[in-house]
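Now for the letters of each chain:
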4 protein chains.
Amino acid sequence: METVIAGDVVDKSNAAREQALKADYAVLGEQLDRRGIAIDAILKKVEAFGVAIPSWGVGTGGTRFARFPGPGEPRDVFDKIEDCAVISQLTRATPTVSLHIPWDKADPNRLKQAASRFGLGFDAMNSNTFSDTVGQKLSYKFGSLSHADAGVRRQAVEHNLECIEIGRTIGSKALTVWIGDGSNFPGQVNFARAFERYLEAMKAIYAELPQDWRLFTEHKMYEPAFYSTVVQDWGTNYIIAKELGDKAYCLVDLGHHAPNVNIEMIVSRLIQFGKLGGFHFNDSKYGDDDLDAGSIDPYRLFLVFNELVDAELAGAKDFQPAHMLDQSHNVTDPIESLMLSAIEVQRAYAAALLVDRKALEGFQEANDALMATQALKAAYRTDVEPILATARLNRGGAIDPVSAYRASFYRKKVAAARPAGAAGGGGIV
Amino acid sequence: METVIAGDVVDKSNAAREQALKADYAVLGEQLDRRGIAIDAILKKVEAFGVAIPSWGVGTGGTRFARFPGPGEPRDVFDKIEDCAVISQLTRATPTVSLHIPWDKADPNRLKQAASRFGLGFDAMNSNTFSDTVGQKLSYKFGSLSHADAGVRRQAVEHNLECIEIGRTIGSKALTVWIGDGSNFPGQVNFARAFERYLEAMKAIYAELPQDWRLFTEHKMYEPAFYSTVVQDWGTNYIIAKELGDKAYCLVDLGHHAPNVNIEMIVSRLIQFGKLGGFHFNDSKYGDDDLDAGSIDPYRLFLVFNELVDAELAGAKDFQPAHMLDQSHNVTDPIESLMLSAIEVQRAYAAALLVDRKALEGFQEANDALMATQALKAAYRTDVEPILATARLNRGGAIDPVSAYRASFYRKKVAAARPAGAAGGGGIV
Amino acid sequence: METVIAGDVVDKSNAAREQALKADYAVLGEQLDRRGIAIDAILKKVEAFGVAIPSWGVGTGGTRFARFPGPGEPRDVFDKIEDCAVISQLTRATPTVSLHIPWDKADPNRLKQAASRFGLGFDAMNSNTFSDTVGQKLSYKFGSLSHADAGVRRQAVEHNLECIEIGRTIGSKALTVWIGDGSNFPGQVNFARAFERYLEAMKAIYAELPQDWRLFTEHKMYEPAFYSTVVQDWGTNYIIAKELGDKAYCLVDLGHHAPNVNIEMIVSRLIQFGKLGGFHFNDSKYGDDDLDAGSIDPYRLFLVFNELVDAELAGAKDFQPAHMLDQSHNVTDPIESLMLSAIEVQRAYAAALLVDRKALEGFQEANDALMATQALKAAYRTDVEPILATARLNRGGAIDPVSAYRASFYRKKVAAARPAGAAGGGGIV
Amino acid sequence: METVIAGDVVDKSNAAREQALKADYAVLGEQLDRRGIAIDAILKKVEAFGVAIPSWGVGTGGTRFARFPGPGEPRDVFDKIEDCAVISQLTRATPTVSLHIPWDKADPNRLKQAASRFGLGFDAMNSNTFSDTVGQKLSYKFGSLSHADAGVRRQAVEHNLECIEIGRTIGSKALTVWIGDGSNFPGQVNFARAFERYLEAMKAIYAELPQDWRLFTEHKMYEPAFYSTVVQDWGTNYIIAKELGDKAYCLVDLGHHAPNVNIEMIVSRLIQFGKLGGFHFNDSKYGDDDLDAGSIDPYRLFLVFNELVDAELAGAKDFQPAHMLDQSHNVTDPIESLMLSAIEVQRAYAAALLVDRKALEGFQEANDALMATQALKAAYRTDVEPILATARLNRGGAIDPVSAYRASFYRKKVAAARPAGAAGGGGIV
């Protein structure tokens, strides 16, 4: 299996850190032992935990107003796969890539080859009917799967079927559908009729889903400039999954909710009713900010994983959530942000594994609210970095991925090969 | 049928206004005629439209910090019924009262008699397991229908069954269940287990529901000081109604949602899937403010009624929403606020009846967003007050209910008979 | 003075509507007379009221994800001026255009000529240091006026000075500064140091402001993807205006606040302390949506104007607010949206003029909350369209601007002359 | 100095934990040493850090709907002081109590004696003009310091002067003013006039402030049921502090802001302009929830302390913020919640002290957003509990305050002496 970063760069970086890591791991092991937790069992679970990288995440994102590209931006899907390989090599936490069609359209066999060369697989396929592309017959300006015009809906359905077809070849097992359909003004669409049309179109897609695939639908409260979106919240998303059938599940993007909403509770409800499909991880301060996972409210990420671990240990029905990052990197090197974000997701998982669930249940039964919440805090406060770093080291990654990456001068090298992208400005203050 | 306010007070008040009203009604009739709308048909619908008054609404409300009672506060449910009779007499828009048990507990036959004396009926019964009452065996401090302890849950179920029993005697046909169950801290309750227990308890209540009754469950994002509530949003509420059965419906309180949420869209979804039970009307600026309906965002109230009228005209399945006010009056005379709020709800209904729905549908099909939203605005902008006032006058009410009420000195009279309530202060800044 | 739309198109459109308008105006006059209001005085004030059109508003806007251009998009600032002339001709409510540099950069004398040909003037100049432009020496990726590097700050200052220079020639009297400076992550910038640098740079701009100019700074809570912005709210904006001096004022964009914030109260505070510079009018449901003014919450727009009229009548010190639209039109013909938005702003102004302020003050002094809020509602509910339409007609505009515009086939004509723009898609779901 | 909890209870509790603590402290010391941080210097700062306990915090709080009292609720201010003594004894982090008048009214000399008996001092005095008390001449129903009636304003001023007088005797050095003045409906008050009246009244209070006192004003976006409050945000609060003079400062309650607002940035601005008076610490999920500090978003609390430590190290002008808890404990033993909350505040302080500020500044200057935010995270992630526990132990407190407290059966003892409080229910669903 090929690696992108030279092995000696990683080795040298690790050598400088290994002794301290070993000491920290040993000490943490003793401390956890006192709490009745075997550190090696946690380590093993962390090693087995992976999160998918979105192909579009390795490019620099932007706002409605401007995009400020960085050096060495990927020119095409093959550059993107190479960038993903760097992330995977250094973190050993991101075994798969999630493609976006048509942005990543290419010969499926070449795609498969490019990925497997680096030991990468493919996660869910993502369709795009929220923007128009060159050569597209009908416009999605006024919607796609819920459009008033049957021709547009058909075109959107066919695009999704094409995504399934590509995915089939490259080994994907799921299709994720997010649409930008909605309205800008009251009255612009009839809510009920638009949703009927959407359901009908989705049923046509579902009908063609391979037997061993899953269909993920993603809710989102709004796009800037919207007054309504068709799949606005988990309530609507749940209805969709119920209407479609057993292979249909709800995808939760952490940034797609109204202010203050208790997201971990939504996660719990979807698990309880067998409809949690997976996650788009990211963080946000104000809206759908797509910031690095755990960068704004790390406790919230932990509380989400507290639900996931609870369900995992309880053996919840139909529970096999897909983990994926979905972020926009405007001011950082996307590779660095994605590496640290994948680790942040692992961190939340590892910490949630430390919760003393038997004690927690006892406090809950006894209405001891204070000790119950402290049971979570005790786990959350534990610095699990030695476990995460050891997991990386054991599997050939870097103890400190960002340092190793910077030492490799990868960005400088690709900047030389890949021409600079164009900065862009929008139009509204 | 008895009236509380002397007939000559109303007559005198109307006499001074009738001529202008007739002129305004005629002019509006001509203007609507130009738009192809028969004003008398609208008038007839408005005359038939009623909204229930909550018994607790005629008392002065308060905040967590303080309550500043007004003069002549009702001492018991019979005083409350008399106040409701005033509202009904002057507005002719509020034919029913909604009781809250145990606050309004009394001999059911006496209750029935007291109400029918003024021509009033009873709307949905409201149970209360969100506060403890004197003599109550087990406390609801840590929940009621979802409590960890089966004994508490049983007590809460029995209380609801008692509400049904009372309602049966007085002629109510629905039970509304809102609970304050939830948690203050992460980890305090297990979301899934609490919801399981809640569903189980609700099923026990549902099992005893008379054949011709409906069960309304009410969602609410939060209480101040909460981290989670059990029935937090319409998604959970919808699941409840589905799990319980055909007589179970969702109640929408306009103030119980996250910031920015598109409530009219939730209304549409619930109608579409046959689960809209009814409304608690009020308005809010920040949270669950329980301010007078339409006082903060009147266009939002109109947009809700736009959905209701759309469903009414389309003959939506299982569509017979209950209309009720649910407000807290802290700085106004509750009777005045309730009169104007009932009228405000009628106003939204009347305006929504003016929407040119055929034209609207055409604009929607043609993606003419601008003209579609203008079709709503054209209806909303029409001042329908002449219709509302005529409806009141035709049915024996007051053209200007607040003026007539003030001229009657009702408040002064009851203040003499009812002793002043105690002001109260809480404890947290 | 030249007009863009043929006079007979307007005449024909008006002819079909004039009789009904005259009747409606007369009736409204009588109704207002009953309330002690002289309709002609209101009409005169409305006729004198103008709102500026942003040059960028006549193009189709987009979201972070996509832009779907319409036909006949303006190719350059001269096309934009022509589109603005259409708006002005039909509404007679938009006498000025507000330019954005460098987007609208052109020979100032040609600009002046192009505008005056249609009787248009220029409102505030807008600088742009929130995106990079071709040929720009240093990037604004990490900020502009608050950038850590003095060279970038100097470049940004010089750009603003250039805007003043252009504005001087074309007759503008104000500079509006909005920056996209901020941070995406906690710790990325030191809040205090960044604000110090910003203030220093602004002082350099202020120092070069002509004696009869005003400087407007605009606050904004966030951009999508941000964790902080430098001028985040009116508190910071007020400090800026105080630090800079007497010619510095705060600009309020209605969409730039946190959820639920009481904007009319901010307006009142800025008036009270002599620092209200003016407005960017628009509406929003969730964030900085830049939707058509009054399209989502028309009562809020009225409440803002209630403050403005109150200050106007009270003769508040330093009170001469600039009125400007600032919207993004994604699904409508921008010209239509801008025409109706200008009218919507006039509508709020006209309605606010109808408030019985003497009665209102009496209710306020007597703590009669109910009658006080009804005093506002009585004004708001009055349909002032006959006044607005008469103002347009009297000054040579169209009674129904959208109908006249559609009858002129202007969009079709310019679509033939102006090549189709490119649709665009972003990169983040 | 007297202690409430028997010394041997604390000793026994500590004995069981001391060995592990010593080991953990040593290991942490080594780890920090590697990062160039001397653990003992941090320990010393933590030992010197104190936070005030609000007298009202030791009682059980409630919501608008209900209050569920716990056993052994304090009957008067002397019981409250005893409860505060427990908190102080076990945590050694809460040297002062903050009184609320008239709730805590008593002979000042007795108050002083009661507190000094336990080594406690008094923090800021809190006035109360947001609720009426028995025997009060004029009502605050429609406001206090901003009331339309001069008599009410005078009464409110005099109440504040009385608070100063009491505080003078007992050794307080500050007055905190929070008012519930505002409006429930648009138009109810004239924003500008109400604020003028407020400023005038505050000037009268300020004029009587002793030379060595400080005046803290507290802003708050809303109370449930409000449409506006007079001191709605930090912008208004800043103007107040500027208008009053050098002894006037702004108090920041973490729960009093609009959704999503960046509070740490407000803290920075107030520091920069010399007007940060101090804090009311608590946490919240939805509104002004008054939950335990750090219980919902611990990273936010850390980010606030990141600003405070930054200012402390930079020697910011006029920087001596008052630290106080302000919480409502509805489902926990208030003493336990207050102990853990005080520790949580210390935790945020200790972690903020670990930030490598030189490195951080370097990353900021270099626009290395990723490493800058990681510099904060590295400090935040460090589990500083060994430092906090050692600080308690060194000063005679408990390593595990909750365990020691429970082992003392203090609550059971006071429950025997103090009669059970009354549960209460409100009136609005």
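Structure: see above.
Model, not experiment: these values are computed from the prediction.

## As for the interface of chain B and chain A
Now for step 1: Each side of the interface is counted separately: chain B has 54 residues, and chain A has 54 residues.
Now for step 2: Interface of chain B and chain A: buried area, both sides summed, is about 4,400 Å²; carbon and sulfur atoms make up 58% of it.
Now for step 3: Contact with chain A buries surface across chain B, with Phe191, Met265 and Asn367 of chain B losing the most and accounting together for 13% of the total.
Now for step 4: We note a salt bridge from Arg193 of chain B to Glu361 of chain A, for which the minimum N-O separation is 3.5 Å.
Now for step 5: In this structure, the connection of chain B to chain A is made through 18 residue pairs in polar contact (both at pLDDT 80 or more).
Now for step 6: Counting only elements with at least two residues in the side of chain B that touches chain A, the list comes to helix H6 (191–207), strand S10 (228–229), helix H7 (234–244), helix H8 (263–272), helix H9 (298–314), helix H11 (357–365) and helix H12 (369–381) of chain B.
Now for step 7: Of the residues forming the side of chain B that touches chain A, the biggest block, seven residues, is contributed by H6 of chain B.

## Focus on the sheet that holds strand S6 (residues 125–127) of chain D
Residue and element names in this part refer to chain D.
Now for step 1: Taken in spatial order, the seven strands make up an open sheet running S4-S6-S7-S9-S11-S12-S13, and their pairing is parallel. Two strands in the sheet have a free side with no partner beyond their single neighbour: strand S4 (100–101) and strand S13 (322–325).
Now for step 2: Direction of pairing for strand S11 (residues 248–253) relative to strand S12 (residues 276–281): parallel, over a ladder of four bridges. Among the inter-strand pairings, Leu251 is bridged to a residue of S12, identified as Gly278.
Now for step 3: Helix H7 (residues 191–207) contacts strand S7 (174–177), strand S9 (214–218) and S11 of the sheet and is inclined by roughly 155° relative to S9.

## Notes on helix H12 (residues 369–381) of chain A
Residues and elements named next belong to chain A.
Now for step 1: With 13 residues, H12 ought to run about 18 Å at 1.5 Å a step, and its terminal C-alpha atoms sit 18 Å apart, in line with that.
Now for step 2: The buried fraction of H12 amounts to 10 of the 13 residues, a majority that puts the element mostly inside the structure.
Now for step 3: Within H12, burial applies to Ala369, Leu370, Ala372, Thr373, Ala375, Leu376, Lys377, Ala379, Tyr380 and Arg381.

## With respect to the pattern of salt bridges
Two side chains with opposite charge may pair up if their charged atoms get near one another.
Now for step 1: The full count for this structure, using the stated rule, is 114 salt bridges over all chains.
Now for step 2: Between Glu312 of chain A and Lys45 of chain A there is a salt bridge; the shortest N-O distance is 2.9 Å. In this pair, Glu312 of chain A sits in helix H9 (residues 298–314) while Lys45 of chain A sits in helix H2 (residues 39–47), placing the two residues 267 residues apart along the sequence.
Now for step 3: We classify Glu312 of chain A as partly exposed; its relative accessible area is 32%.
Now for step 4: The class of Lys45 of chain A is partly exposed, set by a relative accessible area of 33%.
Now for step 5: Overlapping salt bridges bring together Glu344, Arg347, Glu385 and Arg392 of chain A together with Lys377 of chain D as one network.

## Some points on the sheet that holds strand S11 (residues 248–253) of chain B
Residues and elements named next belong to chain B.
Now for step 1: Overall, parallel pairing links the seven strands, which are arranged S4-S6-S7-S9-S11-S12-S13 in an open sheet. Each edge of the open sheet is held by one strand with a lone partner, namely strand S4 (100–101) and strand S13 (322–325).
Now for step 2: Sheet topology note: the strand S9 (residues 214–218)/S11 ladder contains four bridges and is parallel. What sits directly across from Leu215, in S11, is Ala248.
Now for step 3: Here H6 sits on the sheet and contacts strand S7 (174–177), S9 and S11; the angle it forms with S9, its principal contact strand, is near 155°.
Now for step 4: Along the sheet, H9 makes contact with strand S12 (276–281) and S13, crossing S12 at roughly 160°.

## Section: the interface of chain C and chain A
Now for step 1: Taken together, the 60 residues of chain C in the interface contact 60 residues of chain A.
Now for step 2: In this structure, the connection of chain C to chain A is made through six residue pairs in polar contact (both at pLDDT 80 or more).
Now for step 3: Taken together, the residues of the side of chain C that touches chain A sort by class into 26 nonpolar, 21 polar and 13 charged.

Calculation criteria
Residues numbered from 1 in each chain as written. Chains lettered and ligands numbered in written order. Predicted model: local features only at pLDDT ≥ 70, side-chain atom pairs only at ≥ 80, totals over all residues. Heavy atoms only, no water. Contact = heavy atoms within 4.5 Å. Buried area = accessible area lost by both parts, 1.4 Å probe. Salt bridge = Lys/Arg side-chain N within 4 Å of Asp/Glu carboxyl O. Polar contact = N/O pair within 3.5 Å; in protein donor to acceptor, adjacent residues only side chain to side chain. Helix = DSSP H or I, 4+ residues; strand = E, 2+ residues; numbered from the N terminus. Pairing = 2+ DSSP bridges. Axes fitted to C-alpha atoms, helices over the stretch in contact; angles between N-to-C directions. Expected span 1.5 Å × (residues − 1). Buried < 20%, exposed > 50% of the residue type's maximum accessible area, 1.4 Å probe, protein only. Nonpolar A, V, L, I, M, F, W, Y, C, P; charged D, E, K, R; others polar.

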